[in-house]
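Results of the structural survey
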Amino acid sequence: MAAPLDMEPSALSLELLPTDPLLLILSFLDYRDLMSCCCLSRRLNQLSSHDPLWKRHCKKYWLISEEEKSQRNQSWKDIFISTYSDLGRYIRYYATLKKAWDDLEKYLGQRCPRMIGSLKESVQEEDLDAVEAQIGCKLPDDYRCSFRIHNGQKLVVPGLMGSMALSNHYRSEDLLDIDTAAGGFQQRPGLKQCLPLTFCIHTGLSQYMALESVEGRNKYEIFYQCPDQMACNPSAIDMFITGTSYLEWFTSYVNKVVTGGYPIIRDQIFRYVHDKECVATTGDITVSVSTSFLPELSSVHPPHYFFTYRIRIEMSKDALPEKACQLDSRYWRITNAKGDVEEVQGPGVVGEFPIISPGRVYEYTSCTTFPTTSGYMEGYYTFHCLYYKDKFFNVTIPRFHMVCPTFKVSTARMETNDNEYAVDEDEGSTDTDDYEDRRRVLDIPAPSGRCPRHT
């Protein structure tokens, strides 16, 4: 006899499902939900403790490898719980920062081994808590998390956070350990509640992180300080912004390093940025350019933006031997953001007349300044053939743009009468061959002080 139509079928209980479908369902749960399942019933408690379920979470959040697991002689669930009890507050950041540190160590271990030796071991929670008590400010969790992995580095050269060298100017930034950073915590007007993240022992330059939203800064914003050179008020400090959070700042830098975006020269990371389109080939000779902004030699007020560029000149290894040639002169066309143009022509580069032959590379660095926040340069080199000395030809230098990072002006300036800050912005850009230098400068002990053109 058929069942009445109004009879409801009995509900299917989750408890009645076979084990395999239940484990499959549980495999899609996050660690919080998986822990909650342990409290629902005896069967779910038993199934949610299934070790392979926790393997995924250990690898996702803590980057625990099979090898590490075998060394610890614990189940995946026990490893997750014990790690969470120590690092649980950082679960949003730990995997990202740990991967960044691991990638950086692996990359530099093959190219800059002595830099790896300068890294310090991690600190504990109580050390970070003590620093917060010392400075009277809370540290952001992503910053704390990074120091649970590595406590910055020793004050050495080269610095982990990149270098820059010109003829008599050198910068190399160390990532400060937590105690040194706390010792440099600022409460003075212009830098209130700012913690230094980096330090260069040659220039005194630091990148700071704002621990509170004061003096026009956003909380956790990272910046280079830039004193207003025309202000009577010493607290008038402008800022070149380099990051919006520690996580973004550190991981974006590491990504640039490990993907080859920043070149390794003489066991140091140089913060030159290369635009892949900034390459020009004339015959058998290719010219490519990378650039960098130097905040320590720049100012917002008066407007003076300092850039350095690195030029690579290379002849194809497949070129015929008779294509060997020598550089005679250079021509530059320099244009600032206002459209003002300056043309410069002169003999050689860096006071030299390099010879280029098949497979040979010549590299040098130079610098320029703009009264505007951006500008570009382009031009050509004139060569003569070594085999046919009366044969001259030009080699194109591709157009390359230079743009200063985002900046904020001092709140002290904005609160002051504008007449105090009258400034002439008609100063032109300048070709800087007098200050160009070849790669060999990187072998010379780094001098202190500013670039000579600014003295």
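Here, the structure is the one placed above.
Presented here is an overview of the structure given in this document. Here the residue index of a chain counts from 1 through its sequence in written order. Whole-chain, interface and lining totals are the exception, using all residues; otherwise, since this is a predicted model, local features are given only for residues with pLDDT of at least 70 and side-chain atom pairs are given and counted only at 80 or more. The side-chain quantities take in all heavy atoms of the structure and omit both hydrogens and water.

Moving on to the nonpolar core. In this structure, L108, L139, Y143, L160, Y246 and F250 are the most contacted members of the largest nonpolar core, which totals 62 residues. Put simply, DSSP marks the helices as runs of H or I at least four residues long and the strands as runs of E at least two long, and each gets a number from the N terminus on. Among the elements that make up this core, the one with the highest residue count is helix α7 (residues 94-111) (seven residues). For this core, the two domains that each supply at least three residues are domain 1 (19-89) and domain 2 (94-258). Apart from the residues lying within four places of it in its own chain, the contact partners of Y143 are I178, A181, L195, L197, M209 and Y246. Residue types Ala, Val, Leu, Ile, Met, Phe, Trp, Tyr and Cys, when buried and joined through side-chain atoms within 4.5 Å, form a set referred to as a nonpolar core. Between buried and exposed lies partly exposed: a residue is buried under 20% and exposed over 50% of the maximum accessible area for its type, with that area taken using a 1.4 Å probe on protein chains only. The next biggest cluster of nonpolar side chains, apart from the first, holds 37 residues, and it includes C278, F307, I356 and C404. Segment limits for the domains were obtained from an automatic or database-derived domain assignment. Contacts are assigned to residue pairs with any non-hydrogen atoms lying within 4.5 Å of each other.

It is worth spelling out the packing of aromatic side chains at this point. Classification of ring pairs uses Phe, Tyr and Trp, with its six-membered ring standing for Trp, and accepts pairs whose centres are within 6.5 Å; under 30 degrees between planes counts as stacked, over 60 as edge-to-face, and the remaining range as tilted. Taken as a whole and assessed by the stated rule, the structure comprises 27 aromatic pairs. Note on Y362 and Y364: the rings are 6.1 Å apart at their centroids and 45 degrees apart in plane angle, and the pair reads as tilted. For the pair Y362 and Y364, one class covers both residues: buried. Through successive ring pairs, a cluster of aromatic residues spans Y31, W54, Y61, W62, F80, Y84 and Y94. Should the NZ of a Lys or the CZ of an Arg lie within 6 Å of a ring centre and within 35 degrees of the ring normal, that charge is described as sitting over the ring. Over the ring of Y107 we find R111; its NZ or CZ atom is 3.8 Å from the centre of that ring.

The next subject is the packing of α7 against helix α10 (residues 141-149). Lines are fitted to the C-alpha atoms to define the axes, a helix being fitted only along its stretch in contact, and any angle between axes, read from their N-to-C directions, falls within 0 to 180 degrees. Axis separation between α7 and α10 bottoms out at 10 Å; the angle between their running directions is 45 degrees. Taken as axis vectors, α7 and α10 run oblique relative to one another. Handedness of the crossing formed by α7 with α10: right-handed. Judged by residue contacts, Y94, L97, K98 and W101 of α7 engage D142, C145, S146 and I149 from α10. All amino acids are sorted into three groups, where Ala, Val, Leu, Ile, Met, Phe, Trp, Tyr, Cys and Pro are nonpolar, Asp, Glu, Lys and Arg are charged, and the leftover types, Gly among them, are polar. Here the residues of the contact of α7 with α10 sort into five nonpolar, one polar and two charged. Oblique is the label for every angle not falling under 35 degrees (roughly parallel), over 145 degrees (roughly antiparallel), or within 65 to 115 degrees (roughly perpendicular). Crossing chirality is assigned from the near helix's rotation relative to the far helix, an anticlockwise turn below a right angle marking it left-handed and a clockwise turn marking it right-handed.

Such coordinate-based values are descriptive only and should not be taken to indicate function.
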